[in-house]
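Summary of the model geometry
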Amino acid sequence: MSTRYFYGWNIVGATFAMALFSFGLGFYGLTVYLAMLQRLHGWSASTVSAPVTVYYVAGALLTAAIGDVYERLGPRAVVAGGAVAMAAGVATLGVVTQPWQLYPAFLVMSVGWGSMSGAAINVILAPWFERRRGLAVSIAFNGATLGGVSIAPALIPLIGAVGFTRALAIAAAVLLVVLVAVAACVMRRGPEELGLGPDGDSRRSARAERSQGGERQRRGDALRTWRFWSVSAPFALGLAAQVGVLTHMVALVTPMLGAGAAARAVSVTTAAAVMGRLATGVVVDRLNRRLVSSATLLIQIMGVALLAWAPSAAVVYAGCALFGLGVGNLTTLPGLILAVEWPRDRFSALVGLVVGINQFTFAFGPSLVGVLRDWAGTYGPALGACTVLQAVAASMILLGPGRGGSTG
């Protein structure tokens with residue numbers, strides 16, 4: 001391994017594939033499942049939505065402890081087990097006949113979501129990268145966005161061709177085969193297995209950090225510090241607003257654009273998310289990550305303001321693009337801030353805790369937007385509430401004790 005392809009980029013590719021399927025079927029795919037369950041069984045929106053909140057909350061509880069799980073079992077076992085759980089949950093959704101059956105199906109599926117979502121990506125990549133972690137994490141998380149662009153939309157024609165039950169069985173089988181193969185053939189615990197340190201450097205500091213990290217980080221200590229909450233709280237608020245807007249995006253833009261063009265508006269949002277995440281990944285390792293986070297939230301506020309104003313189709317598309325630029329970054333930036341502000345041996349535990357808190361909070365974002373919309377009869381007040389949440393988040397993130405702009 002002297003010159004010099006670093007195996008860590010294989011791990012980035014593996015986490016890209018993991019994000020592609022876990023977000024494609026476990027996040028963006030939810031809107032397809034819920035719509036089809038309502039259509040096939042005549043169930044109400046609240047009947048099919050309540051199990052989704054349980055799904056996110058259960059996933060958040062697992063996510064909060066996922067660093068310990070990865071440390072104990074290793075990425076091969078955890079990703080393979082998560083793939084089995086998510087595949088089983090997705091396939092079961094295709095055969096439910098009673099509303100109560102949604103709850104166990106989503107609970108099984110939540111094991112896969114908690115094992116393979118945002119915290120897991122950060123935990124898997126943490127041992128492999130320091131100087132280029134921002135770029136590595138951004139590339140991996142683009143798999144999540146691509147899952148929204150490709151996998152979730154592909155379910156709709158597949159369901160039309162073979163039916164709901166068979167389509168979900170096929171999707172589950174593909175997820176299982178791909179991710180078990182990725183886990184078995186590519187995943188490794190860290191570069192020390194190859195005699196290397198992070199970024200492919202010599203192993204000099206890796207052993208010292210590993211021994212220091214033998215004692216488990218007590219999360220309670222972090223929970224009592226402003227340094228921790230200055231990362232967790234603003235991103236929880238920002239993501240609650242973001243997920244609320246995303247969930248209602250089609251209903252929000254359809255009155256101005258029509259149903260067909262509304263799908264294009266969602267595509268504009270997801271395409272902007274890919275570009276925003278890649279652009280941020282290229283530069284974030286050289287900048288103050290809290291400033292980047294605040295700027296991201298401000299850009300999203302401008303996008304939401306345009307969506308609320310919406311005097312023309314062009315303004316709606318512009319709003320979708322500005323909002324989309326921040327969509328991916330709000331999931332990647334918390335881990336990048338933790339990486340420079342906390343000791344490396346505490347990273348896995350803390351990133352799981354932050355993402356778990358974020359996930360628990362954003363589980364209620366869609367309900368917040370929906371309740372305000374029903375109360376007012378329009379999305380204006382709901383979008384106003386989302387801009388307030390993001391403005392508070394943009395201010396709060398700047399108040400933390402950052403250690404400067406680079407990973408240093």
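The following refers to the structure shown. (Residues numbered from 1 in each chain as written. Predicted model: local features only at pLDDT ≥ 70, side-chain atom pairs only at ≥ 80, totals over all residues. Heavy atoms only, no water.)

Some points on the environment of glycine 163
To keep it simple, the criterion reads: Each helix is a run of DSSP H or I of at least 4 residues and each strand a run of E of at least 2, with the numbering of both proceeding from the N terminus.
Among the secondary structure elements, glycine 163 is positioned in the loop between α8 (133-162) and α9 (164-185). Sequence-wise, glycine 163 and glycine 94 are 69 residues apart; in three dimensions their C-alpha atoms are separated by 9.2 Å.

Let's talk about the packing of aromatic side chains
Put simply, the test is: Stacked, edge-to-face and tilted labels apply to pairs of Phe, Tyr and Trp rings (six-membered ring for Trp) whose centres lie within 6.5 Å, assigned for plane angles under 30 degrees, over 60, and everything in between, in that order. Using a 1.4 Å probe on the protein chains alone, a residue whose accessible area is under 20% of its type maximum counts as buried, one over 50% counts as exposed, and one in between counts as partly exposed.
Summed over the entire model, instances satisfying the criterion amount to 16 aromatic pairs. The interplanar angle of 80° and the centroid separation of 6.4 Å between the aromatic rings of phenylalanine 27 and phenylalanine 362 together place this pair among those described as edge-to-face. Here the residue phenylalanine 27 occupies a position in helix α1 (residues 8-28), and phenylalanine 362 occupies one in helix α18 (residues 347-362), the gap between them amounting to 335 residues. By relative accessible area, phenylalanine 27 is classed as buried at 15%. By relative accessible area, phenylalanine 362 is classed as buried at 8%.

Points about empty space enclosed by the protein
The test is simple: A pocket here means an open set of points on a 1 Å grid, computed over the protein atoms alone, that has protein on both sides within 12 Å along at least five of seven lines. A cavity is instead a set of points where a 1.4 Å probe fits but cannot get out; residues with an atom within 4 Å of a point line either one. Grid points are joined across faces, edges and corners, and a volume is the space filled by probe spheres set on the points. Ten residues, namely Ala, Val, Leu, Ile, Met, Phe, Trp, Tyr, Cys and Pro, are considered nonpolar, four, namely Asp, Glu, Lys and Arg, are considered charged, and the remaining ones, Gly among them, are considered polar.
Counting across every chain of the model gives one cavity of 30 Å³ or more. Lining the largest cavity are 23 residues, and of these Phe23, Phe27, Leu239, Thr331 and Phe362 lie nearest its centre. Among the elements of the structure, α1, α8, α12 (226-247), α17 (329-341) and α18 are those that each provide at least two residues to the lining of the largest cavity. Partitioning the lining of the largest cavity into residue classes produces 14 nonpolar, eight polar and one charged.

A look at the side chain of arginine 277
As a reminder of what qualifies: In summary, the charge assignment counts Lys and Arg as positive and Asp and Glu as negative, without counting His or the chain termini. Throughout this description, the term salt bridge denotes a Lys or Arg side-chain nitrogen within 4 Å of a carboxyl oxygen of Asp or Glu. Definition of a polar contact: a pair of N or O atoms within 3.5 Å, with one able to donate and the other able to accept a hydrogen when the atoms are protein atoms, and with sequence-neighbouring residues admitted only if both atoms are side-chain atoms. Whether two residues are in contact is decided by their heavy atoms, any of which lying within 4.5 Å being enough.
Topologically, arginine 277 is positioned in helix α14 (residues 259-283). Buried within the structure, arginine 277 lacks any salt-bridge partner; its nearest side chain of opposite charge belongs to aspartate 285, at an N-O separation of 13 Å. A distance of 2.5 Å separates a polar side-chain atom of arginine 277 from the backbone oxygen of phenylalanine 141. In this structure arginine 277 touches Ser138, Phe141, Asn142, Thr145, Gly328, Asn329, Thr331 and Thr332, once residues within four positions along its chain are discounted.

Comments concerning the pattern of salt bridges
One pass over the structure, following the stated rule, counts five salt bridges. Across the salt bridge formed by glutamate 341 and arginine 290, the nearest N and O atoms sit 2.7 Å from each other. Here glutamate 341 is found in helix α17, whereas its partner arginine 290 is found in helix α15 (residues 289-309), with 51 residues between them in sequence. Accessibility classification places glutamate 341 together with arginine 290 in one group, the buried group.

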